[in-house]
Amino acid sequence: MDDKVKSSVSDLGGIKKIGFTPFVDFRGDLLKIYRRETFQDLLPNIEEIYLSRSDKGVIRGMHYQLGGKAQDKLVYCITGRMLDISIDLRPDGDLGKVHVEEMVGGGRAALLIPGSFAHGVIVLEDQTTFISMSPQPYSPGDERGVRWDTLGVDFGLSQPVVTEKDQSWPSLQDVINQLR
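Just so it is clear, the structure is predicted and the values come from calculations on it, not from any experiment.

(A) Representation of the overall build of the chain in the model. From N to C terminus, the chain includes three helices and 13 strands. Whereas a compact globule of 180 residues would reach a radius of gyration of roughly 16 Å, the chain reaches 16 Å, a difference of no more than 12%. Counting only C-alpha atoms, the chain reaches 50 × 35 × 25 Å along its principal axes. Relative to its full complement of 180 residues, the chain shows a buried share of 44%.

(B) Structural view of the environment of threonine 129. Within the element layout of this structure, threonine 129 appears in strand β12 (residues 128-134). When the C-alpha positions of threonine 129 and arginine 81 are compared, they lie 8.4 Å apart, and in sequence the two are 48 residues distant. Those residues in contact with threonine 129 that sit more than four places away from it in its chain are Leu51, Ser52, Arg53, Cys77, Ile78 and Thr79.

(C) Here's a closer look at the pattern of salt bridges. For the structure on display, the rule yields eight salt bridges. For the salt bridge of glutamate 102 with arginine 81, the shortest nitrogen-to-oxygen distance reads 3.0 Å. Taken together, the residues span a long stretch of sequence, with glutamate 102 in strand β9 (residues 98-104) and arginine 81 in strand β8 (residues 81-88) at a distance of 21 residues. Residue class for glutamate 102 comes out partly exposed when judged on its relative accessible area of 42%. Two residues, arginine 147 and aspartate 149, come together in a salt bridge whose shortest N-O distance is 2.8 Å. A relative accessible area of 41% means that aspartate 149 is categorised as partly exposed. The structure contains a network of salt bridges with shared partners spanning Arg81, Glu102 and Glu125.

(D) Spatial organisation of the nonpolar core. The biggest cluster of nonpolar side chains holds 18 residues, and the ones touching the most others in it are Met62, Ile85, Ile87, Ala118, Val146, Leu151 and Phe155. Counting only elements with at least two residues in this core, the list comes to β6 (59-65), β8, β11 (117-123) and α3 (172-179). Ignoring any residue separated from it by four or fewer positions in sequence, one finds methionine 62 in contact with Ile85, Ile87, Ala118, His119, Gly120, Arg144, Gly145, Val146, Trp148 and Leu151. Listed in part, the 11 residues of the second largest apolar core include Leu43, Leu74, Tyr76 and Leu112.

(E) Quick look at the sheet that holds β8. The strand order β9-β8-β11-β6-β13 describes an open sheet built from five strands, whose pairing is antiparallel. Across the chains shown, the open sheet's two edge strands, defined by having one partner strand only, are β9 and β13 (143-145). With strand direction ignored, the average angle separating the axes of adjacent strands in the sheet is 25°. By the bridge criterion, three bridges tie β6 to β13 in an arrangement that is antiparallel. Counterpart to tyrosine 64 in the pairing with β13 is arginine 144.

(F) The arrangement of the environment of alanine 110 in detail. You can see alanine 110 is positioned in strand β10 (residues 109-113). When near neighbours in sequence (up to four residues on either side) are disregarded, alanine 110 contacts Lys16, Lys17, Ile18, Phe20, Leu74, Val75, Tyr76 and Met103.

(G) Region of interest: the packing of aromatic side chains. Enumeration over the complete set of coordinates arrives at one aromatic pair. Geometrically, the ring pair formed by phenylalanine 20 and tyrosine 76 is edge-to-face, given 6.2 Å between the ring centres and 75° between the ring planes. Placement of the pair is phenylalanine 20 in strand β2 (residues 15-21) and tyrosine 76 in strand β7 (residues 73-79), with a sequence separation of 56 residues. With respect to burial, phenylalanine 20 and tyrosine 76 carry one shared label: buried. Note that arginine 27 overlies the ring of phenylalanine 26, its terminal NZ or CZ placed 5.9 Å from the centroid.

(H) Highlighting the environment of leucine 42. If you trace the backbone, leucine 42 turns up in the loop between α1 (36-39) and β5 (48-54). As a C-alpha pair, leucine 42 and glutamine 173 span 131 residues in sequence and 29 Å in three-dimensional space. Leucine 42 has contacts with Val9, Lys16 and Leu112, leaving out every residue within four places of it along the chain.

About the thresholds
Residues numbered from 1 in each chain as written. Predicted model: local features only at pLDDT ≥ 70, side-chain atom pairs only at ≥ 80, totals over all residues. Heavy atoms only, no water. Helix = DSSP H or I, 4+ residues; strand = E, 2+ residues; numbered from the N terminus. Rg over C-alpha atoms; globule rule 2.2 N^0.38 Å. Buried < 20%, exposed > 50% of the residue type's maximum accessible area, 1.4 Å probe, protein only. Contact = heavy atoms within 4.5 Å. Salt bridge = Lys/Arg side-chain N within 4 Å of Asp/Glu carboxyl O. Core = buried A, V, L, I, M, F, W, Y, C linked by side-chain atoms within 4.5 Å. Pairing = 2+ DSSP bridges. Axes fitted to C-alpha atoms, helices over the stretch in contact; angles between N-to-C directions. Phe/Tyr/Trp six-rings, centres within 6.5 Å; stacked < 30°, edge-to-face > 60°. Lys NZ or Arg CZ within 6 Å of the ring centre and 35° of its normal.

Now the structure itself:
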């Protein structure tokens, strides 16, 4: 079976999309969402794994950490539906570019977001569950963020559920000005 469960990697402007080919038989299908051989150059030595569950309208993020504490993240949606939001914060990259990817539970792709990007999710269905893995531990003193409603994207949320901390982050333009 191992040789039948494959993955492929494509570049989305710094973000990597990892596509999975499932093994399918009469019982259903099987996706291998992490294999050291595939990820050894992309995401070696997983340090932390998070499992999140939220309901429709919840916003988590847009977070990032500074310098050597920056967290690369592999994100996979298990159930439900969500928007994965990544913001390029590389001064020598496409600074300020917002990437939005819809992820559906049980989908056949995961996203690898470099630590040089701010990251967050907007939940589109109740009981949405996703997993994220990182080779760098969370460092509260190095955490920063971008306020979600300053990205220039209409997410169609009439009553978002967002923490006070996430609502208090500076605007994307202020963050870009700081990084220049």
